[in-house]
Amino acid sequence: DNITILQIEFFKTHSFSNPYLLQRFPLMFYYLNSFNLFIKYLKPQCVVFLEGCHAQARCLNIVSKEYKIPTICIQQGWPSLLHTLYRRMEYDYYLTWGKAFNKWWKLYNPKPKYKEVGYIHKVESFLENDSLSKKKITFFLQSPVFLSDENYFNKMLCLIETTAKTFPDKVIQVKEHPEYKVSMDFIKRYSNYENIFLVSNKPIDKVFNESLITVSHFSTTSIESMLYNCIPLIFDPTTNSEYYPYIESLGV
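Read on for a plain summary of the structure. Since the structure is predicted, the reported quantities are computational estimates derived from the model, not experimental observations.

### Brief notes about the overall build of the protein chain
And then number 1: In terms of regular secondary structure, the protein chain is built from eight helices and nine strands.
And then number 2: Out of the 252 residues in the protein chain, the part that is buried amounts to 39%.
And then number 3: Looking at the protein chain alone, contacts between residues at least 24 apart form 58% of all its contacts between residues at least 6 apart.
And then number 4: Summing over all exposed atoms, the protein chain offers an accessible surface of approximately 15,500 Å²; the carbon and sulfur share of this is 57%.

The structure is reproduced here in structure tokens:
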């Protein structure tokens, strides 16, 4: 009864009278000032984050600490590369999927107190259900940043079309990354195929439960697929990229 949810836009600019600030630090100053007003008005008992790597979350964490408000971050996934956004996070508490993840997070984020709480989505065992219901091929798209770019992203889109042509009797699901939507041009192209369905608004546990094969470039979904008894396929057209920890060395 006492929870306030703030949906923060990932990219937003704001006008300032100082042209230097507008050019160099628009996001930082916009969010720091906005969050300061939110915290002063809401007076929360604590602030809870999902994932916590985005600049907006880092800004809100800074403001919360100024008001001595505890901050709690919840692990939403596992980055295949612990890039700069996943380093030096300073939340008071980090709730993780398990003890092994605690160890890996601590390597570059020593300040939070870690507590393992388990996977945050519902997982149903299909050993007891009809395994034949898992027939769909699902593509999990990523945003073309860090390990990827527009060229590699387009190769994945072409692979979706090739798969739809090759297996016209198979249902092909496409789930967009929440931070990066496919263009209307590709949506129109997909409309030419009766077996391609955009399922971005479908709950992720339901998508997994319906999938026989999952395809992604780099994504937590490759690890999650094994929980749901799916076959994970990594399509990686880049060079010299691999998961951390290197899962093949662990016998996976």
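### Focus on helix H4 (residues 99-106)
And then number 1: Of the positions making up H4, those classed as buried are Phe 101, Asn 102, Trp 104 and Trp 105.
And then number 2: In this structure, the buried residues of H4 make contact with strand E3 (93-96) and strand E4 (113-116).

### What to know about the sheet that holds strand E8 (residues 211-216)
And then number 1: With parallel pairing, five strands are arranged side by side in an open sheet as E7-E6-E5-E8-E9. Either end of the sheet is taken by a strand with one partner, and the two such strands are strand E7 (196-198) and strand E9 (231-234). In this sheet, neighbouring strand axes are inclined to one another by 25° on average, regardless of whether the strands run parallel or antiparallel.
And then number 2: The sheet contact formed by strand E5 (residues 136-140) and strand E6 (residues 172-175) spans four bridges and is parallel. Paired with Ile 137 across the strands is Ile 172, a residue of E6.
And then number 3: Helix H5 (residues 150-166) contacts E5, E6, E7 and E8 of the sheet and is inclined by roughly 170° relative to E5.

### Overview of the sheet that holds E3
And then number 1: Spatial ordering of the open sheet is given by E1-E2-E3-E4, a layout of four strands whose pairing is parallel. A strand with exactly one partner marks an edge of an open sheet, and here the two such strands are strand E1 (47-50) and E4. Strand-to-strand, the axes of this sheet are offset by a mean angle of 20°, without reference to chain direction.
And then number 2: Sheet topology places strand E2 (residues 71-74) next to E3; three bridges connect them, and they run parallel. Looking across to E3, one finds that Cys 73 is bridged to Tyr 94.
And then number 3: Across the sheet, H4 is in contact with E3 and E4; its angle to E4 comes to roughly 155°.

### Observations regarding a nonpolar patch on the surface
And then number 1: A grouping of Leu 6, Phe 38, Tyr 41 and Leu 42 is seen on the molecular surface, where their side chains present a nonpolar patch of about 410 Å² in accessible area.
And then number 2: Residue placement: Phe 38 occurs in helix H2 (residues 26-42).

### Some points on helix H3 (residues 55-66)
And then number 1: Relative to the 16 Å expected for 12 residues at 1.5 Å per residue, H3 spans 17 Å between its end C-alpha atoms, a close match to the ideal helical length.
And then number 2: Of all the positions in H3, only Gln 56, Ala 57, Cys 59, Leu 60, Asn 61, Val 63 and Ser 64 are classed as buried.
And then number 3: A positive backbone phi angle near 55° is found at Lys 68, which sits one or two residues after H3.

### With respect to the pattern of salt bridges
And then number 1: Applying the stated rule across the entire model yields six salt bridges.
And then number 2: Linking Glu 90 and Lys 111 is a salt bridge whose minimum nitrogen-to-oxygen distance equals 3.3 Å. Of this pair, Glu 90 sits in the loop between E2 and E3 while Lys 111 sits in the loop between H4 and E4; the two residues are 21 residues apart in sequence, bridging distant segments of the chain.
And then number 3: The class for Glu 90 is partly exposed, based on a relative accessible area of 35%.
And then number 4: For Lys 111, a relative accessible area of 59% corresponds to the exposed category.
And then number 5: Through salt bridges that share partners, Lys 136, Lys 202 and Glu 210 make up one connected network.

### Here we look at the pairing of E8
And then number 1: Here E5 runs beside E8; their pairing, made up of five bridges, is parallel. Within E8, the residue paired with Ile 137 across the bridge is Ile 213.
And then number 2: By the bridge criterion, four bridges tie E8 to E9 in an arrangement that is parallel. Residue pairing in the sheet places Ser 216 in a bridge with Ile 234 of E9.
And then number 3: Crossover handedness for the path E8 to helix H8 (residues 221-227) to E9: right-handed.

Calculation rules
- Residues numbered from 1 in each chain as written.
- Predicted model: local features only at pLDDT ≥ 70, side-chain atom pairs only at ≥ 80, totals over all residues.
- Heavy atoms only, no water.
- Helix = DSSP H or I, 4+ residues; strand = E, 2+ residues; numbered from the N terminus.
- Buried < 20%, exposed > 50% of the residue type's maximum accessible area, 1.4 Å probe, protein only.
- Contact = heavy atoms within 4.5 Å.
- Areas by Shrake-Rupley, 256 points an atom, 1.4 Å probe, with all protein chains shown as cover.
- Pairing = 2+ DSSP bridges.
- Axes fitted to C-alpha atoms, helices over the stretch in contact; angles between N-to-C directions.
- Patch = residues over 30% accessible without salt bridge, like charges linked within 9 Å, V, L, I, M, F, W, Y side chains within 5 Å.
- Salt bridge = Lys/Arg side-chain N within 4 Å of Asp/Glu carboxyl O.
- Expected span 1.5 Å × (residues − 1).
- Right-handed = clockwise from strand over helix to strand, strands pointing away.

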